Amino acid sequence: MVECAQRLDDALERLSRNGITAILLDLWLPDSQGIATFEQGWRAAPHAPILIIGSPDDQGVARQAVERGAQDYIQRDHLDTYTLPRALKRIIERRAADEVLYFEQQRAEVTLNSIGDAVLSTDVAGNVTYLNLVAERMTGWPRHEAMGRPVAEVFQIIDAATREPARNPLDRAMQFDRVVELTATCLLIRRDGTETIIEDSASPIHDRAGLVIGAVMVFKDVSETRAMAMHAVYLAQHDFLTELPNRMLLNDRLTQAIALARRRGHRLAVLFVDLDRFKHVNDSLGHVIGDELLQSVARRLVTCVRSSDTISRQGGDEFVVLLSEIKDADDAAGSAQKILAAVLEPHDVARHHLHVTATIGISIYPDDGPDAEKLIKCADTAMYHAKEGGRNNYHFFEPEMNVRAVERQWIEAGLHRALDRREFVLHYQPKIDLETGAMTGAETLIRWVHPDRGLMFPNDFVPIAEDTGLIVPIGQWVLREACRQSRAWIDEGQRPISVAVNISAVEFRDPLFLENVRTVLNDTRLDARYLELELTESSLVQHAESTTIALQALKGMGVQVGIDDFGTGYSSLSYLRQFPINVLKVDQSFIHEISADPVGNSIVRAVISMGKSLGHRVVAEGVETREQLAFLQAQRCCEGQGYYFSRPLVAEQFVRLLDTGLSGLVLQ
């Protein structure tokens, strides 16, 4: 039905009674003219679509009306029975569509503000276009202030491990046109500076043509969840009574300590501690008193070892102590004596003055076994032997101790003759540019071709050479032979590459070390830039002042300096800034855990990021699989070495590798 009013007053009165679907409005009425006519009509029925009627001269005013909310404009001379119904139908449908869109927007708004996750979106330029209430609360930015600002200003994130800014996932989602997620170590910096652990995912937004026009991110606070997970892990790995590491955590730490000892060539000790006649305390005073006594003993044990060592309760009245690094058996004996004395002191438990003693069995790696199970078993066996000889004492695992003494004497005697008999050889393992596949250098690795045993590896003899001081002349030979061979390859027309030589702490502290390096470079005519000296973290930080002087001298010569096995020692940022270092080598223990251990992945990412930010060349050692290579390439690691590319080779084999290259393994 169509209703007609000749005057605006009549029309307004009709509109006040509602029920109007659409309005056909002439701006020039007897009692109102121009834009004022529209404004009064629109105020009276804001939800009804308005179609303006006018003459060609009225286009300016009609355009104003459309800008202020009218749906459309039609000229009087175009009105007919065909055009008018179509125009009215069109504005009614358009208003209906607007209402549907408004309803959907409101529903989306309510939904987004009702969920527990934060939602933030940007346009293609990276400027904020939306935040829900949770996002406002987590970022500290009200929506009206955040709108139009760069997302990096509103959503600030850093890597918890490195404290370096993390790349915004919204940018990556738009760049790669796919869903991306934050790393597990990401922190959100709120506007007031507070930090929150978050998880998130970001997705690109597309227009109808499929083009990226922005991105949306959903993120949430996982601080409490992460804390609960860490607490659950703690409970699973610790004894409920004493809060000491349990059997599972001990095995894990002992396995890691063995791996490190194997790489670094040092020893460790396992002490199996058993309380004497503890059953008598339980039987006479009850389990409550017995438990408190165990807690008292646990506290005493912790005071007897270093923070890097581990005290574990195996169950009952048995404890295991892991001494993660010892020089010799005397170190383990000293710790055992300290433990016996600490346990012997009276324990005041629930008004009881209790006396208790302990018996200890000791096993040594690598002498008494190659793995955690064997070492604990040997220490347990030694403990029972000690009990047979009288309580409150300790005993080493005897059979292997005798073998060790004979073995050490045999190796030491052979080392004294090995240099004169020219029994040492060098093997070369290539270092590869992980972007281009080009060979950038080689690490020199010493081998002992023993006349009776054949090829022996460094772990078998270098620790003894260091203890006896023989490492200095052996190291001098290695340095000279490596430089001589490198110069020979250059003279044969090969492309120059750097050769890396491992330098022990004993060699580095030798008063003639720097002079020997100068002499070798002069004698072999090798350009100093092609020599790289690799030192361990511990050898660098022992005497920081003299270390700085020596490293500055090497830098003055043009020699490159690298830190070997980075991440397994002190890993101090202060010395990374203080010392003139060129190369960081990520220890292979972390490389081997890639994909299997998220924490290991994070450490590798952090070391690579930190090394590159400090201007160091980062080299990953121990690369053995395609998966490890892909991860390192994704993290933009500079170089790698390991069995995936090549085993260490004698000089004759290595020179053929210089001719053929290994780029196919990297670029495939």
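Residues numbered from 1 in each chain as written. Predicted model: local features only at pLDDT ≥ 70, side-chain atom pairs only at ≥ 80, totals over all residues. Heavy atoms only, no water.

Draft legend 1. Just the nonpolar core, in detail. Leu415, Val517, Leu531, Leu533 and Leu632 are the most contacted members of the largest nonpolar core, which has 79 residues in total. Sort the elements by how many residues they give to this core and helix H17 (residues 471–491) lands first, with 9 residues. Apart from the residues lying within four places of it in its own chain, the contact partners of leucine 415 are Phe424, Trp448, Phe461, Ile464, Ala465, Leu470 and Ile474. (Core = buried A, V, L, I, M, F, W, Y, C linked by side-chain atoms within 4.5 Å. Buried < 20%, exposed > 50% of the residue type's maximum accessible area, 1.4 Å probe, protein only. Helix = DSSP H or I, 4+ residues; strand = E, 2+ residues; numbered from the N terminus. Contact = heavy atoms within 4.5 Å.)

Draft legend 2. Quick peek at a nonpolar patch on the surface. Together, Val449, Leu455 and Phe457 make up a nonpolar patch on the protein surface, roughly 250 Å² of accessible area in all. Its location among the elements puts valine 449 in strand S21 (residues 439–450). Residue valine 449 is classed as partly exposed on the basis of its relative accessible area, which comes to 38%. (Patch = residues over 30% accessible without salt bridge, like charges linked within 9 Å, V, L, I, M, F, W, Y side chains within 5 Å. Areas by Shrake-Rupley, 256 points an atom, 1.4 Å probe, with all protein chains shown as cover. Salt bridge = Lys/Arg side-chain N within 4 Å of Asp/Glu carboxyl O.)

Draft legend 3. Representation of the environment of glycine 640 in the model. On the secondary structure map, glycine 640 appears in strand S28 (residues 639–641). Looking at glycine 640, the relative accessible area reads 0%, which means it is buried. Residues glycine 640 and lysine 585, 55 residues apart in the sequence, show an inter-C-alpha distance of 8.8 Å. Filtering out sequence-adjacent residues up to four positions away, glycine 640 remains in contact with Pro430, Lys431, Ile432, Leu434, Val619, Ala620, Val623 and Phe645.

Draft legend 4. Geometry of helix H8 (residues 169–176). Listing the buried residues of H8 in full gives Pro169, Leu170, Arg172, Ala173 and Met174. On the buried face of H8, the contacting elements are strand S6 (118–123), helix H7 (151–154), strand S8 (156–159), strand S9 (180–181), strand S11 (195–206) and strand S12 (212–221). A distance of 2.9 Å separates the backbone nitrogen of leucine 170 from a side-chain oxygen at the start of H8, and that oxygen is part of asparagine 168. Taken from the residues just after H8, aspartate 177 is the one with a positive phi, measuring 55°. (Polar contact = N/O pair within 3.5 Å; in protein donor to acceptor, adjacent residues only side chain to side chain.)

Draft legend 5. The packing of aromatic side chains, seen in detail. Within this structure, the stated rule accounts for 11 aromatic pairs. With a centroid separation of 5.5 Å and 80° between ring planes, the pair formed by tryptophan 448 and phenylalanine 461 is classed as edge-to-face. Of this pair, tryptophan 448 sits in strand S21 while phenylalanine 461 is found in helix H16 (residues 458–468), placing the two residues 13 residues apart along the sequence. Look at tryptophan 448 and you get buried, because its relative accessible area is 0%. Seen from their ring centres, tyrosine 644 and phenylalanine 645 are 5.4 Å apart, and the 85° between their planes marks the pair as edge-to-face. When its relative accessible area of 15% is taken as the criterion, tyrosine 644 is described as buried. Accessibility expressed as a relative area gives 5% for phenylalanine 645, which makes it buried. The rings of Phe424, Trp448, Phe461 and Trp477 are connected pair by pair, giving a single aromatic cluster. Seen from the ring of tryptophan 141, arginine 191 lies directly overhead, with NZ or CZ sitting 3.7 Å from the centre. The ring centre of tryptophan 410 lies 4.2 Å from the NZ or CZ of arginine 453, which sits over that ring. (Phe/Tyr/Trp six-rings, centres within 6.5 Å; stacked < 30°, edge-to-face > 60°. Lys NZ or Arg CZ within 6 Å of the ring centre and 35° of its normal.)

Draft legend 6. Region of the structure containing the confidence of the model for the chain. Per-residue confidence for the chain averages 84 on the pLDDT scale, and 89% of its residues sit at or above 70. No element of the chain has a lower mean pLDDT than helix H4 (residues 83–114), which averages 58, and none a higher one than helix H19 (residues 513–524), which averages 96. (pLDDT = per-residue confidence, 0-100.)

Draft legend 7. Region of the structure containing the side chain of glutamine 641. Summarising the element assignment, glutamine 641 is placed in strand S28. In terms of polar contacts, glutamine 641 uses its side chain to reach the side chain of glutamine 429, at 3.0 Å. Of note is the side chain of glutamine 641, whose polar atom sits 2.8 Å from the side chain of glutamate 443. Those residues within four positions of glutamine 641 in sequence are excluded, and the remaining contacts are Gln429, Pro430, Lys431, Glu443, Lys585, Val619, Ala620, Glu621, Gly622 and Val623.

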